[in-house]
Amino acid sequence: MTETARITDPDLSALVACPSCDALHRMAEVPTGGRARCHRCGMVLMAPREGALTRIVMLSTTALVLMVAAVFFPFLELQAGGLRQRSSVFDAVMAFSEGLMLPLSVAVAALIVILPLARFAAILYALAPMAFGKAPARHAARAFRLAEELKPWAMAEIFIVGVAVALVKVAGLAQVSLGPAFWAFATLVMVTALKDNFMCRLTIWKTLEERAKS
Amino acid sequence: MENPGRTREILTARRAGLVGCSRCGRVHAPGAGTCLRCGSRLASRDRLSLQRVWAWLAAGIVVYIPANIYPMLLTTQFGKTSENTIVGGVIDLVEHHAYGIALIVFTASVLIPIGKFIAIAYLALSVKSAVMIRGHGRQRLYEVVEFVGRWSMIDVFVVAILAALVQFDFVAAVNPGIAAVSFALSVAFTMLSAQSFDPKTIWDAYEADDT
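Position labels on residues start from 1 in each chain and follow its written sequence. Here chains are named by letter from A upward and ligands by number from 1 upward, in the order in which they appear as written. Restriction of local features to residues with pLDDT of at least 70 applies here, the model being predicted, together with a cutoff of 80 or more for giving and counting side-chain atom pairs; totals for whole chains, interfaces and linings are based on all residues.

Bringing the interface of chain B and chain A into the picture now. Contacts are defined on C-beta atoms placed from the backbone: any two residues whose C-beta positions lie within 7 Å are in contact. Across the boundary between the two partners, chain B contributes 60 residues, which contact 64 residues of chain A. Numbering of helices and strands runs from the N terminus; a helix is a DSSP stretch of H or I covering at least four residues, while a strand is a stretch of E covering at least two. Of all the elements in the fold, those that place two or more residues in the side of chain B that touches chain A are strand 2 (27–28), helix 3 (99–128), helix 4 (135–148), helix 5 (154–165), strand 5 (167–168), strand 6 (172–176), helix 6 (178–196) and helix 7 (200–204) of chain B. Residue contributions to the side of chain B that touches chain A peak at 10 residues, all from helix 5 of chain B. For this scheme, ten residues count as nonpolar: Ala, Val, Leu, Ile, Met, Phe, Trp, Tyr, Cys and Pro. Four count as charged, namely Asp, Glu, Lys and Arg, and the remainder, Gly too, count as polar. Taken together, the residues of the side of chain B that touches chain A sort by class into 39 nonpolar, 14 polar and seven charged.

As a further point, take the sheet that holds strand 6 (residues 83–88) of chain A. Residues and elements named next belong to chain A. Strand order in the open sheet made by the three strands is 6-5-7, with antiparallel pairing throughout. Each having just a single partner strand, strand 6 and strand 7 (175–178) make up the two edges of the open sheet. Here the average twist between neighbouring strands, direction ignored, is 20 degrees. Pairing between strands is defined by DSSP: at least two bridges between them are needed. Across six bridges, the pairing between strand 5 (residues 74–80) and strand 6 is antiparallel. Along strand 6, the bridge assignment pairs E77 with R86. To get an axis, a line is fitted to the C-alpha atoms, and for a helix only the part in contact is used. The angle between two axes follows their N-to-C directions and goes from 0 to 180 degrees.

Residues and elements named next belong to chain A. Between helix 5 (residues 140–150) and helix 8 (residues 201–213), the shortest axis-to-axis distance is 11 Å and the interhelical angle comes to 165 degrees. When the interaxial angle is binned, helix 5 and helix 8 end up roughly antiparallel. Here helix 5 and helix 8 pass one another in a crossing that is left-handed. Contacts from A140, A141, F144 and E148 in helix 5 reach R201, I204 and L208 in helix 8. Throughout, the term roughly parallel applies to angles under 35 degrees, roughly antiparallel to angles over 145, roughly perpendicular to angles from 65 to 115, and oblique to all others. By definition, any crossing whose near helix is turned counterclockwise from its far helix by less than a right angle is left-handed, and any crossing with a clockwise turn is right-handed.

The next subject is the sheet that holds strand 4 (residues 80–84) of chain B. Residues and elements named next belong to chain B. Across the sheet, four strands lie side by side as 4-3-6-5; this open sheet has antiparallel pairing. Edge positions in the open sheet fall to strand 4 and strand 5, since each of these has one partner strand only. Here strand 3 (residues 73–77) runs beside strand 4; their pairing, made up of five bridges, is antiparallel. Looking at the pairing, L73 lines up with N84 of strand 4.

This part covers the pairing of strand 6 of chain B. Residue and element names in this part refer to chain B. With C-beta atoms placed from the backbone, a residue counts as buried when 20 or more other C-beta atoms lie within 10 Å of its own, as exposed when 12 or fewer do, and as partly exposed for counts between those limits. Within strand 6, four of the five residues are buried, leaving the element largely enclosed by the surrounding structure. Of the strand pairs in this sheet, strand 3 and strand 6 are connected by five bridges, and their pairing is antiparallel. The partner of L74 across the bridge, within strand 6, is N175. Note that strand 5 and strand 6 share two bridges and pair antiparallel. Within strand 6, the position partnered with Q167 by the bridge is A173.

Any nonpolar core is a set of buried residues, restricted to Ala, Val, Leu, Ile, Met, Phe, Trp, Tyr and Cys, that join up through C-beta atoms within 7 Å. With 136 residues, the main nonpolar core has I161, L162 and A184 of chain B as its most contacted residues. The element contributing the most residues to this core is helix 4 (residues 102–131) of chain A, with 15 residues. Ignoring anything within four residues of it in the chain, the contact list for A184 of chain B reads L104 and A107 of chain A together with M153 and V156 of chain B.

Residues and elements named next belong to chain A. Considered domain by domain, chain A is made up of domain 1 (1–48) and domain 2 (51–213). Here the bounds of each domain stem from an automatic or database domain assignment. With centres defined by C-alpha atoms, the gap from domain 1 to domain 2 works out at 32 Å. Taken together, the contact pairs five residues of domain 1 with four residues of domain 2. A class-by-class count of the residues in the side of domain 1 that touches domain 2 yields five nonpolar, no polar and no charged.

Take the packing of helix 2 (residues 52–72) of chain A against helix 4 of chain A next. Residue and element names in this part refer to chain A. Taken N-terminus to C-terminus, the directions of helix 2 and helix 4 make an angle of 150 degrees; their axes are 9 Å apart at the nearest point. Overall, the two elements helix 2 and helix 4 adopt an arrangement that is roughly antiparallel. As helix 2 packs across helix 4, the resulting crossing turns out to be left-handed. For the pair helix 2 and helix 4, the contacting residues are L53, T54, I56, V57, S60, T61, A63, L64, M67 and V71 in the first and V113, P116, L117, F120, I123, L124, L127, A128, M130 and A131 in the second.

Right, here's the structure in full:
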């Protein structure tokens, strides 16, 4: 064992190991709006923002409301030879609901609706009490861990690009117009991007730990 | 933020005899089971990481083959059904002079998946063998692979939207083909493969001498 291995536990919380390359850093006060990068691999370790908690909570709430609108309002409207077809995200999800395609239907529903919703809910559960100045809820750490694990699987923004491609493919076949849900979804994507921009993982984890103690 | 280690060689948590959490960066004394801050399972290095990477990657490549052979889209117009594979769909778009969209679909469903197979295999191989790109290059490659992988799902969503939208009984109907399922699986498997990779191992090669 080396000397450092005998550091007692309280001292350890003043250190941070880069999650990506394991380089040790001594935690320093990072000014709001500043950015601390890992010495070795350049990963952003901390980037605290002014009032980040409140903003994340507000944006997540907005995203939840928008998601409900985006799912049930008509998304696209199609006209061809006197026939009309309206379709909501819900319909797109149900498109695969026959026979063999059912698992795919479940997967699509999960990727574009259920997982993003779960992620927003988990973020709210973990952070909302802290934004109001209270101690975090009981399983806040678990909820935030879930939110982080879900991040790559919440694919709302990819769905939007998919819509654009589908529009072009259909354009020759029929006349297409965008419904209200499309705009709700587009806004949702922007709100999500904005929220992720404010979210500094290491800072949030640290805050969660400190607030849970007090 | 300053580094407590030597100036030239960088002190890692493992070298210091400590364990760093790969989720939240909290440093622990060796032997700790779960992270005190975020509750993740602690391991200085994930020993099974590479095995999982290879397993998911193999699964991803296997299901990518039927995804390209079988039809992705079944279009019925006036009783005649035509089948479109992934590449067929791209060619269709080019014939309709939608070059931009064709490029997006081609990138998302051909270039990205294949590029990802190669990139992940390269990352996994280079951990053990002689290092060709320096750490920063490989770190960057890993970040790109993680970021870009999910965008391959575009084609699956396009099929879902079309199938929901174009249902005019006899006049025109679009139905998903079996390739949609295997393609979605391929994307999911390679995403899992990329997530299993432990980026710390990229940097370990530089300190192999003293561990």
